[in-house]
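# Remarks on the overall topology
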Amino acid sequence: MNRRNAALAATAATLAGAAALADFRSPMEVDVAQLAAEIEAGDDHISALDLGERIMKGDGDIRVLDLRTEAEFGEFHIPGARLISIAALAKETLPRDATIALYSEGGAHAAQAWVLLRLRGYRKAVVLREGVYEWVSRVVEPRLAADATAAERTEFERAAVLSRYFGGVPRTGVGRSELRTGYWTDAAQARPDARSIRRRGC
Amino acid sequence: MAGAGKPYSDPYLAGIGLGLVLLSAYVWVGRGLGASGAFSSVVVAASTGSASPLGDWLVLELVGVAAGGYLSARLAGRTRAAIERGPRVSRRGRIMAAACGGVLMGLGAKFARGCTSGQALSGGALLSAGSWIFIAACFATGYAFAPLARRLWR
Amino acid sequence: MTAPLTETGALGSTGELVAAPLIGMAFGWCLERPGLGYAPKLAGQFYLSDLTVYKVMFSALLTAMLGAFWLDRMGLLNLSLVSMPETYVLPQALGGVLFGAGFLVAGLCPGTSCVAAASGRLDGFCVIGGMLGGVALFHAVFPWVQRFYESTALGSVTFAEMLNVSRGMGIALVTLVALGGFAIAGRIEKARS
């Protein structure tokens, strides 16, 4: 091999070796009482609107994890999310500096995953309280009642921006009875279509 | 034949150059290079008559690829109306093979959500698992079937 | 973080579109220079007579991979804002098989076929035509393959995460494999000359 190629190879090897060393991290410790306090304070939650805004702004420090099944994920998932099983979550190395947003169908699995991550020392895990349901009903298809209050209107404006960004459909002039009230209280639950929201292809 | 025109550039230097172009794509527009997606856009636009394919980033990029390729070939004296083929295959055979190979690649790129540019190169550099699966499957298959395609190239 | 420029607002949507053909031109140039617009050269990869494809592809991959990692480390590029393709295990494996077979037979891939066509090669145009046909064929059979197409989705995951190693480790692995390949390529060429 000639001199130049040897020099290039050495440079590449050095940069790669340095990368491996630079990325080494040690685990941190955790306190159960502190976890309980965080749960009570609600610090473990993230709203769909906040999540949507962070994704839309391109917040590089957020990672979204989906805790549902493959089939559910393939059919629809929050843009940029990654599918992971609870078992994998227990062992995998995740970025320690990033905020890890967890979601599942209704929120139970995500909440359990939150505890596991915190036990492993990941300080910045958050849960989308009502999972996919909350994403679809608050971000993708937000609804505004015909007799909405000013506060509802403001929140809707925020959601409408996100809805359009994610290829959804905001609806106004809706009857009060048609507003979505929550995953457990809703009569007709939202089931997202198998839409693929593509921003970029290759 | 490759005889006419200036000699080809060193592959390692060209590769580093290509890598820098890819890096600039990450930096400027937050995405990697691509190619097959442009073909997809064109087909979709043609069949649904919807949005102009020119609005698609990949189509614009591919137009650039053609322009850059032409420029390089021109400056190196390598532009020629010709059908490049192996020594033992006829012109017709080569044309058929090119078209059939194209069909297979078009199908494959759709399933894979990309091709050698978008998945292998751009996705591979980002360590995407699927991209590496694609790389392995693509090259393994090429090498595995090479003996069957000898008449085309040897 | 100052980049990607489109995400930090330094480059707007018009700028993004303008960047496309510029980046494309540089891409096309770098493909044609080492001769990747010449099909017999690309096919030679599979007969171990011409390893240009491997050399170009992997040196490009290494450059971009190492460059991206270190720019991110230095706070100049926010890697998590760079779109990474999503992983669909089985469809991408099948896609790779089909693509590999097609690549062998055609001698050109989507990008290089444009370079070949732009250089006047009719085979380049034929590959382009074939690919448009392949894509149309896919759309025609989509209802039957849709379930498979959407199966085994893992999202935007790196193989480092799947192997439970750090990104830096993954980079080191890729570099090792690539450099090893270059060494082997050198041996093969020496043996042939």
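Remember, predicted model here, so these are calculated numbers, not experimental data. (Residues numbered from 1 in each chain as written. Chains lettered and ligands numbered in written order. Predicted model: local features only at pLDDT ≥ 70, side-chain atom pairs only at ≥ 80, totals over all residues. Heavy atoms only, no water.)

Relative to the 28 Å expected for 20 residues at 1.5 Å per residue, helix H2 (residues 13–32) of chain C spans 29 Å between its end C-alpha atoms, a close match to the ideal helical length. Those residues of H2(C) that sit buried are C:Glu16, C:Ala19, C:Ala20, C:Ile23, C:Gly24, C:Phe27, C:Gly28, C:Cys30, C:Leu31 and C:Glu32. Turning to H2(C), the residues buried within the fold contact helix H1 (11–29), helix H3 (57–75) and helix H5 (116–125) of chain B together with helix H1 (5–8) and helix H6 (110–118) of chain C. (Helix = DSSP H or I, 4+ residues; strand = E, 2+ residues; numbered from the N terminus. Expected span 1.5 Å × (residues − 1). Buried < 20%, exposed > 50% of the residue type's maximum accessible area, 1.4 Å probe, protein only. Contact = heavy atoms within 4.5 Å.)

In total, this model carries 19 aromatic pairs over all chains according to the counting rule given. Ring centres of A:Trp135 and A:Phe166 lie 5.0 Å apart, and the angle between their planes is 70°; on these two criteria the pair is classed as edge-to-face. Note that A:Trp135 is positioned in helix H7 (residues 131–140) and A:Phe166 in the loop between helix H8 (150–165) and strand S7 (171–174), a separation of 31 residues in sequence. Among the residues examined, A:Trp135 registers a relative accessible area of 0% and is labelled buried. A cation over a ring is seen here: B:Arg113 above C:Tyr88, with NZ or CZ 3.6 Å from the ring centre. The positively charged end of C:Arg33 is found above the aromatic ring belonging to C:Trp29, 4.4 Å away from the centroid. (Phe/Tyr/Trp six-rings, centres within 6.5 Å; stacked < 30°, edge-to-face > 60°. Lys NZ or Arg CZ within 6 Å of the ring centre and 35° of its normal.)

A side chain with one charge may pair with a side chain of the opposite charge, provided their charged atoms come close. Inspection of every chain in the model, using the stated rule, returns 19 salt bridges over all chains. Note that C:Glu161 is salt-bridged to A:Arg63, the shortest N-O span being 2.8 Å. In this pair, C:Glu161 sits in helix H8 (residues 159–162) while A:Arg63 sits in strand S2 (residues 62–66), so the two residues belong to two different chains. Exposure remark for A:Arg63: the relative accessible area of 26% places this residue in the partly exposed category. If you follow the salt bridges from partner to partner, you end up with A:Arg63, A:Arg82, A:Glu92 and C:Glu161 in one network. (Salt bridge = Lys/Arg side-chain N within 4 Å of Asp/Glu carboxyl O.)

This part is about the nonpolar core. Of all hydrophobic cores here, the largest spans 98 residues; its most connected members are B:Leu18, B:Tyr26, C:Phe58, C:Leu61, C:Leu77 and C:Phe99. Contact partners of C:Phe58, with chain neighbours within four places excluded, come to B:Trp132, B:Ile135, C:Ala178 and C:Phe182. Among the nonpolar cores identified, the runner-up in size contains 26 residues, and A:Phe73, A:Val139, A:Val140 and C:Tyr88 belong to it. (Core = buried A, V, L, I, M, F, W, Y, C linked by side-chain atoms within 4.5 Å.)

All names here are of chain B. Where H1 meets H5, the closest approach of the two axes is 11 Å, and the angle between their N-to-C directions is 70°. Classed by the angle they form, the pair H1 and H5 counts as roughly perpendicular. Our pair here, H1 against H5, has a crossing hand that is right-handed. Mapping the contact onto sequence places Leu18, Leu22 and Tyr26 in H1 and Leu121, Ser122 and Ala125 in H5. (Axes fitted to C-alpha atoms, helices over the stretch in contact; angles between N-to-C directions. Parallel < 35°, antiparallel > 145°, perpendicular 65-115°, else oblique. Left-handed = near helix turned anticlockwise from the far one by under 90°.)

Residue and element names in this part refer to chain C. Split by domain assignment, chain C resolves into domain 1 (1–33) and domain 2 (36–192). Between the C-alpha centres of domain 1 and domain 2 the distance comes to 20 Å. The interface is formed by 8 residues belonging to domain 1 together with 13 residues belonging to domain 2. Inspection of the domain 1/domain 2 interface yields 0 salt bridges. Ranked by the residues each element gives to the side of domain 1 that touches domain 2, the list is headed by H2, at 3 residues. Looking at side-chain class alone, the side of domain 1 that touches domain 2 contains 4 nonpolar, 2 polar and 2 charged residues. (Domains from an automatic or database assignment. Nonpolar A, V, L, I, M, F, W, Y, C, P; charged D, E, K, R; others polar.)

Attention shifts here to the interface of chain A and chain B. If you look at the interface, chain A gives 6 residues, while chain B gives 18 residues. Where chain A abuts chain B, roughly 710 Å² becomes buried across the two surfaces, and 52% of that area is made up of carbon and sulfur atoms. Counting every contact that joins chain A to chain B gives 1 salt bridge. Between A:Arg4 and B:Asp10 there is a salt bridge; the shortest N-O distance is 3.0 Å. Counting the contacts that link chain A with chain B gives 1 residue pair in polar contact (both at pLDDT 80 or more). Within the side of chain A that touches chain B, the residues separate by chemical class into 2 nonpolar, 2 polar and 2 charged. (Buried area = accessible area lost by both parts, 1.4 Å probe. Polar contact = N/O pair within 3.5 Å; in protein donor to acceptor, adjacent residues only side chain to side chain.)

This part covers empty space enclosed by the protein. This model, assessed by the stated rule, comprises 4 cavities of 30 Å³ or more. The wall of the largest cavity is formed by 14 residues, among which B:Thr116, C:Leu31, C:Leu36, C:Met57 and C:Cys109 lie closest to the centre. Elements that contribute at least two residues to the lining of the largest cavity include exactly H5 of chain B together with H2 and helix H4 (52–73) of chain C. Partitioning the lining of the largest cavity into residue classes produces 11 nonpolar, 3 polar and no charged. (1 Å grid on protein atoms, 1.4 Å probe; cavity = no way out; pocket = protein on both sides within 12 Å on 5 of 7 lines; lining within 4 Å. Points joined across faces, edges and corners; volume = space filled by probe spheres on them.)

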